[in-house]
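Below, each chain spelled out in residue letters.
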Amino acid sequence: MERLFHLIDIAVTHKLWAPIKIAKNAPPLSYLAFADDLILFVEASLEKVDIIKTCMDLFCKSSGMKVSEEKTNVFFSKNVGWVVNSEISSKLGYQRTDNLGKYLGVNLHHSRVNKRTLSSVMEKINNKLNQWKMKHLSFPGRLTLTVEMP
């Protein structure tokens, strides 16, 4: 994957790849890599599609890997028009999506995250903690915990 990141960094340096900024003072963002997943960030324009394809093709040729077309989706900001969405999606050859789905059980959002958004995560954590407390605390400890909890 380092090869791909190096190719993207070269394209960014030569101002061929336009990364996004998630905040005014934030550094530009061109990719995020997870275990087996990769998210690319680039300005939504037809000119950038050729750069993306070139970087991906060079990486695939040098590494022997290939992009899974079934698992690959394109997500656009709400500021990008429908016509541009369609043209870029078809030129890339990947499906467009409006739902980023989940990663490690947490919904990936493209809007502001608030307390209610993460309530399911907090519920799961609390359930795990309660199970752990029941398994690892002595009877007097559980009794004390029960009395002290609201």
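Everything below is about the structure shown above.
This report concerns the structure included in the present document. (Residues numbered from 1 in each chain as written. Predicted model: local features only at pLDDT ≥ 70, side-chain atom pairs only at ≥ 80, totals over all residues. Heavy atoms only, no water.)

Section: the overall build of the protein
As a reminder of what qualifies: Each helix is a run of DSSP H or I of at least 4 residues and each strand a run of E of at least 2, with the numbering of both proceeding from the N terminus. Atoms considered for the radius of gyration are the C-alpha atoms alone. The globule rule reads 2.2 Å times the number of residues to the power 0.38. The buried label applies to any residue whose accessible area, calculated with a 1.4 Å probe on protein chains only, is under 20% of its type's maximum; exposed applies above 50%, and partly exposed to all values in between. In what follows, a contact means two residues having at least one pair of non-hydrogen atoms within 4.5 Å. The accessible surface values rely on the Shrake-Rupley method and a 1.4 Å probe; as for residues, cover is taken only from the protein chains in view. Within this scheme the basic residues Lys and Arg register as positive and the acidic residues Asp and Glu register as negative, but His and the chain ends are omitted. Charge coordinates come from a single atom per side chain, which is NZ of Lys, CZ of Arg, CG of Asp or CD of Glu.
A count of helical and extended segments in the protein gives 5 helices and 6 strands. Moving toward the C terminus, one meets the helices and strands of the protein in the order α-β-β-α-β-α-β-β-β-α-α. Computed over its C-alpha atoms, the radius of gyration of the protein comes to 22 Å, more than 25% above the 15 Å expected for a compact globule of 150 residues. Counting every position in the protein, which comprises 150 residues, the buried fraction comes to 19%. Across the protein, every contact between residues at least 6 apart in sequence was considered, and the portion connecting residues at least 24 apart equals 42%. A total of about 11,900 Å² of accessible surface is found on the protein, and carbon and sulfur atoms cover 58% of it. Taking the 21 positively charged and 14 negatively charged side chains of the protein as two groups, their mean positions are separated by 8 Å.

A closer look at the nonpolar core
So the rule is basically this: The term nonpolar core refers to a set of buried residues drawn from Ala, Val, Leu, Ile, Met, Phe, Trp, Tyr and Cys, joined through side-chain atoms within 4.5 Å.
Counting residues in hydrophobic clusters, the biggest one holds 16 residues, and the most contacted among them are Leu 4, Trp 17, Cys 55 and Leu 92. Elements with a minimum of two residues in this core: α1 (2-13), α2 (46-63) and α3 (82-92). At 7 residues, the largest contribution of residues to this core is made by α2. Apart from the residues within four sequence positions on either side, Leu 92 is in contact with Val 49, Ile 52, Lys 53 and Val 74.

So, the pattern of salt bridges
Stated precisely, the cut-off is as follows: By convention in these notes, a salt bridge is any Lys or Arg side-chain nitrogen within 4 Å of a carboxyl oxygen on Asp or Glu.
The full count for this structure, using the stated rule, is 2 salt bridges. A salt bridge links Asp 50 to Lys 91; its shortest N-O distance comes to 3.5 Å. You can see Asp 50 sitting in helix α2 and its partner Lys 91 sitting in helix α3, a full 41 residues away along the chain. Owing to a relative accessible area of 35%, Lys 91 belongs among the partly exposed residues under this scheme. Put simply, Arg 96 and Asp 98 hold a salt bridge, and the shortest N to O gap is 3.0 Å. Among the residues examined, Asp 98 registers a relative accessible area of 54% and is labelled exposed.

So, the packing of α2 against α3
Threshold: Only the stretch in contact is used when fitting a helix axis, every axis being a line fitted to C-alpha atoms; angles between N-to-C directions are given from 0 to 180 degrees. Between 65 and 115 degrees an angle is taken as roughly perpendicular, under 35 as roughly parallel, over 145 as roughly antiparallel, and anywhere else as oblique. Definitions for this section: a left-handed crossing has its near helix turned counterclockwise from the far helix by less than a right angle. A right-handed crossing has that turn clockwise.
Two numbers describe how α2 lies on α3: the axes approach to 10 Å, and their chain directions differ by 20°. Our classification of the angle between α2 and α3 gives roughly parallel. α2 and α3 meet at a crossing whose hand is right-handed. Between α2, through Leu 46, Val 49, Asp 50, Ile 52 and Lys 53, and α3, the contact on the second element is made entirely by Glu 87, Ile 88, Lys 91 and Leu 92.

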